Amino acid sequence: MTLRRELEALRAIPLFAKVDPTRLKLLAFTSEHVEFEPGELVCRQGDPGDAAYILLEGEADVFVDTPEGQVRVARLKKDDIVGEIAILCGVPRTATVVATTHLRTLKIAKQGFLNLVTQFPEVAVEVMQELATRLYHTTQRLSEVSLKLAQTKTSRE
Amino acid sequence: MEPTIFRFILKYSWRQQLIILALTLLSFPPLYYSLELPKLIINRALGDPDGPWVLFGYDLDRTHYLFALCGLFLLLVLIGGGLKYVLNVYAGIVAERMLRRLRYQLYQSVLRFPLAHFRKVSQGELVQMINAETEALGGFVGDAVAVPAFQGGTLLTILTFMFMQDPTLGLAAIALYPLQIYFVPKLQRQVNELAKQRIRQVRRNAERISETCTAIREIHTHGTARYELARFSRQLGEIFWIRFAIYKKKFLIKFLNNFIAQLGPFFFFSIGGWLVIHGDITLGALVAVVAAHKDLSAPWKELLTYYQNLYDVRVKYEQTISQFVHPDLQPLERLVGESGSSPSFSNGVLKVTDLTLKEDSGENILEGIALELTLPAHIALIGPAGGGREELSLVLAGLVSPSAGRVTVNGVALHELSEPLRAEKIAFIANQPILLSGTIADNLVYGLKRRPVSGSAGNPAPHGLQPRERREALASGNSLDDPNAEWIDWEALGLSAPEQRLSAMIHALRVVALDRDVYALGLKGVLPPGREELASRLLEARRAMRARLASDPRLSRLVEPFDPERYNTNATVAENLLFGHPVGRVFDLHRLPAHPYVRSILNEVGLIDDLVRVGYRLAEMMVELFANLPADHEYYRQFSFIAPDDLPFFKSILQRTTIDRLDRLKSHERDRLLELPFKLVVARHRLGLIDEELQHRILSARRRFRERLPPSYAGAVAFFDPERYNPAASVQENVLFGKIVYGQAQAHERVHALLLEILAQHDLKDTVIEIGLQTDCGVGCSRLSLPQRQKLAIAREILRRPQMLVLHEATAVLDAIERDAVRSAILNEMKGRSVIWSLEDHAAAHQFDHVIVLERGRVVAQGTFAEVREHARIPPPVFEAAS
């Protein structure tokens, strides 16, 4: 896969949709192209996070460790980005990601991603919007879950 | 050291000075006779046609007489010249020996300074004093006797001659000397005062430069280059003004001297002329006196210069010496002495009685400390920073002598032991690693080099100095030890076999978890000379590696092997072309296309135009990608093919021409474009610029390059050969014989795990560490990271197995995760031996048998961890973490 095709893939990602193509090209050029075979770990929950991955081709599953064992919480597909939380707030990986098919990714190193965010405010705004949207959804789901939990409790009593 | 330069000269070179004096006196007769002979030739051989011509009792005819006299003249000139030559060389040797002796003594003083003194002296000034300022002193030593003897003698001879011609004229010749003798020294004193100032100023300069080097990162961090430039410029200005004043005075002296010298003829012509007119002396005598006066001025000038030098040198010497005299210089015997026996520290009692340590200001840093510790024990010193922990650990390590009180081990006073004896038993590790230039191994064994090792099987003589070196060292009072002799005292550790030594070193590295780092360095290192026998074993490992890669497709896709017939997409174009490792600088990979031979090969396969086109495309991309980045952006270093300064150059090429019209470019512009693609790695950069057809042609260039390589370049490349070890390539490249591919998840980790596995199977892991130990780690080991350096500093002490290890915050610079592990490993290693550890982290004290709490220089509590913990003055939260 050449840089040009990676660039096209990047532009298809909503997070980067409004970013100037030259800057995206720089991001693609300074990032590493990494492939995974089915079953290989992209990242492991609890490990220190040093990079985010953009899926260019293939699919991956996201697992979270719970007291009852691993639970699959999401399936990632083309154009999804994963691992950006660990980069942005310096916490260990919040989930385990496993390739389910042959997976092509663009590995954006922590520094490269942070550079992009700090130097190009439009990317920062995009990332903020994306994260805020996710936070909004998460909060909504949390309130739904808490409501359900409260209902289950009351029905038990 | 001698207080004045004359005492120094007399004490160490009076014999040589006498020889110089004798040689000088010897040179007078030939000189005199070589002046006398011309007269004889003119008066007797030429002027007297009747003879008899007798020489040394032989009656000769006139021609023979003439030639005999001429021959004699030549002989005297030769003897005179020869004597002068011998005298000069000898005086030079004496001067150099004295210089060597002086520098050696000054350096010795540096070693003898008490530790605290180093807070006050500037490194740059010391360097300046020992190296530059002593130079003038050395030169003077050779002249000290020779110049006054020779020039004074000449002067006297000529003066005598003049007085014999006519006392009045003689008096006239020296009439103004008293004036010179009076004025010149006065002026000279002022010049010397200025010269002193200049010396001080130059020292300050030296200090400034050395401080700039030390603090270079701070200067860049704070962006204070402009301020530093201004400061330095100011200092140079000071020197300028001093020099300006010196010049004014110095040349005034010269003017006076010249003027007075010229006054001589004035007197001769006026007084002498008057005398001639009145018939008191002959015209011939006046001419002779004028001629003699001309000869007089040279030695007189020399004597005056000598006098000026003398004064200057005296001041310089005293000024230099005063910097190296210190009331508390340690006796030399303590530094190198081996007499007496050192007590065993392995068990017994370490007793501290009424220990006090004063600062320069007179304040007590440690006060009334009394301890009685049963060895072996692991002892922790805790307490606030600045409470005396550091100083107490230095005193207990024997490095700082107490102002009052004693430290004894089994009754022997610690501070009366000589350093080598003490160092054998006690090791000290501070919180900042200080390492020396050289390899990792050099640093690791540094603590074992206390004395040259004698008598072991391979090294018969302890003092292996060449006789010539030894003679000279003796003549200048220098060390008679040979630094190239075997100094590493393995026998003291009971390690006689080389394998045991290696495993002891590896063990020391393992205690501080540095073995992995050194192994990694070993993988990148090349086989050291003299270990060629390892090549075949490493080749064995290469075969095993290839077999493993071939058998497992999951692994084989992580490595792209070196194949003479295939283009390696994970290597640069330059590497693909060369297919080997450059030896020396002929085929430097960074400047490959500039080499005429490489150029001719590229030309033959018609690659130049294509690569220039690729270069053009690459320049286009780089200009597009990097145009908007600031010039100091780290991406340039990491990713760009073009340095920020060169970007405008390529931009202008792009603007002036299109890719179809590259022939319009000037040849140096095409050259620059041609250079660009040589750094391209197909798999890494993914630019699609080196297609298969181009790869194919690079391969044919590779073949031609090797086939046609002229014999003169034969040694300049070590080609890759699947069946041969490549001595210029790293261990990793040789065993892997390929490139780790880009773009495979965790390829590096997995390939390195495989490498480790295979090297371990072939019993080569220690060998790789051994190669890693030979890595040169730069000035002060600056190529290693701070934690790595600190670990090396710890391993250095672990290796020499001290009976007592004293540490001050020794693990503080390590990462939080490693700190505990390394501390535990050190304590475990020191089981059964004593440890005294000044801890920055109180919580760690629970690992120790005995804890001493220091506050404001006093012991406020001691006992087991549990006992001390109860002590009210320790804030409880400090201990929370441990429980």
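As a convention, each chain's residues are numbered from 1 in the sequence order in which they are written. By the order in which they are written, chains take letters starting at A while ligands take numbers starting at 1. In keeping with the predicted nature of the model, local features appear solely for residues at pLDDT of at least 70, side-chain atom pairs appear and are counted solely at 80 or more, and the whole-chain, interface and lining totals rest on all residues.

1. Details of the overall build of chain B
Helical segments are the DSSP runs of H or I of at least four residues, strand segments are the runs of E of at least two, and each set is numbered from the N terminus. Looking only at helices and strands, chain B has 32 helices and 16 strands in total. We take the radius of gyration over the C-alpha atoms and set the globule estimate at 2.2 Å times the residue count to the 0.38 power. The globule rule puts the C-alpha radius of gyration for 883 residues at 29 Å, and the 39 Å found for chain B is more than 25% above it. Projected onto its principal axes, the C-alpha positions of chain B cover 120 × 90 × 60 Å. Residues are called buried when their C-beta atom has 20 or more other C-beta atoms within 10 Å, exposed when it has 12 or fewer, and partly exposed otherwise; all C-beta atoms are positioned from the backbone. Per-residue burial over chain B gives 31% buried out of 883 residues.

2. Structural notes on the overall build of chain A
Of the regular secondary structure elements, chain A holds five helices and eight strands. Structurally, chain A occupies a C-alpha span of about 60 × 35 × 25 Å along its principal axes.

3. Here's the deal with the domain arrangement of chain B
According to the domain assignment, chain B consists of domain 1 (5-324), domain 2 (348-453 + 779-880) and domain 3 (532-773). The split into domains, and so the bounds of each, comes from an automatic or database assignment of domains. On a C-alpha basis, the centroid separation for the pair domain 1 of chain B and domain 3 of chain B is 64 Å.

4. Details of unusual backbone geometry
All names here are of chain B. With an omega dihedral of -5 degrees, the bond running from Leu375 to Pro376 counts as a cis peptide bond. Here Pro376 is to be found in the loop between β4 (364-375) and β5 (378-382). If you check the backbone angles, Asp354 has positive phi at about 45 degrees while not being a glycine.

5. Quick word on the environment of Leu527(B)
With respect to the helices and strands, Leu527(B) occurs in the loop between α15 (515-524) and α16 (534-551). With 199 residues separating them in the primary sequence, Leu527(B) and Asn726(B) have C-alpha atoms 9.3 Å apart.

6. Things to note about the pairing of strand β7 (residues 96-99) of chain A
Residue and element names in this part refer to chain A. At least two bridges found by DSSP between two strands are what make those strands a pair. Where strand β2 (residues 41-43) and β7 come together, two bridges link them in antiparallel fashion. Looking at the pairing, Leu41 lines up with Val98 of β7. Both strand β4 (residues 60-66) and β7 contribute to a ladder of four bridges, which runs antiparallel. Paired with Asp61 across the two strands is Val98, which belongs to β7.

7. A closer look at the sheet that holds strand β16 (residues 858-863) of chain B
All names here are of chain B. Across the sheet, six strands lie side by side as β8-β13-β14-β5-β15-β16; this open sheet has mixed pairing. Since the sheet does not close on itself, it has two edges, and those belong to β8 (426-429) and β16, each with one partner. If you compare each strand with its neighbour and ignore which way they point, the axes differ by 15 degrees on average. Strand direction decides the pairing type here: β5 and strand β14 (residues 834-838), joined by four bridges, are parallel. When the bridges of β14 are listed, Ile379 appears paired with Ile836. Where helices are involved, their axes are fitted lines through C-alpha atoms of the stretch in contact, as for all axes, and angles between N-to-C directions lie from 0 to 180°.

8. Looking at the packing of helix α5 (residues 177-214) of chain B against helix α8 (residues 283-324) of chain B
All names here are of chain B. Viewed as axis vectors pointing N to C, α5 and α8 meet at an angle of 35 degrees, and their least axial separation amounts to 10 Å. Crossing of α5 over α8 shows right-handed handedness. Contacts between α5 and α8 involve Val184, Gln188, Asn192, Ala195, Lys196 and Ile199 from the first element and Leu304, Gln308, Tyr311, Asp312, Val315, Lys316 and Gln319 from the second. Among the residues forming the contact of α5 with α8, the class breakdown is six nonpolar, four polar and three charged. By convention the crossing between two helices is left-handed if the near helix lies anticlockwise of the far one by an angle smaller than a right angle, and right-handed if it lies clockwise. In this description, a residue-residue contact is defined by the distance between C-beta atoms placed from the backbone, which must lie within 7 Å. For this scheme, ten residues count as nonpolar: Ala, Val, Leu, Ile, Met, Phe, Trp, Tyr, Cys and Pro. Four count as charged, namely Asp, Glu, Lys and Arg, and the remainder, Gly too, count as polar.

9. Side note on the pairing of β14(B)
Residues and elements named next belong to chain B. Most of β14 is tucked away, with five of its five residues classed as buried. The alternating pattern of β14 places Ser834, Ile836 and Ser838 and Val835 and Trp837 on opposite faces, both of which are buried. Here strand β13 (residues 804-808) pairs with β14 via five bridges, running parallel. Across the sheet, Met804 pairs through a bridge with Ser834, a residue of β14.

10. With respect to the sheet that holds strand β1 (residues 32-36) of chain A
All names here are of chain A. The strand order β1-β8-β3-β6 describes an open sheet built from four strands, whose pairing is antiparallel. Among the strands making up the open sheet, the edge pair consists of β1 and β6 (81-82). Where β1 and strand β8 (residues 103-109) come together, five bridges link them in antiparallel fashion. Paired with Glu35 across the bridge in β8 is Arg104. Running at roughly 65 degrees to β8, helix α4 (residues 110-119) makes contact with β3 (51-57) and β8 of the sheet.

11. Observations concerning the interface of chain A and chain B
Facing 14 residues of chain A, the contacting portion of chain B comprises eleven residues. Taken together, the elements giving at least two residues each to the side of chain A that touches chain B come down to α2 (21-30) and β1 of chain A.

12. Considering the packing of α16(B) against helix α27 (residues 747-761) of chain B
All names here are of chain B. Closest axis-to-axis distance for the α16/α27 pair is 10 Å, and the angle between their directions is 130 degrees. With respect to α27, the axis of α16 lies oblique. Between α16 and α27 the crossing geometry is right-handed. Together, Ala541, Ala544, Met545 and Arg548 of α16 and Leu754, Ile758, Leu759 and Gln761 of α27 make up the contact between the two elements. For classification purposes, angles smaller than 35 degrees are called roughly parallel, those larger than 145 roughly antiparallel, those between 65 and 115 roughly perpendicular, and all remaining angles oblique.

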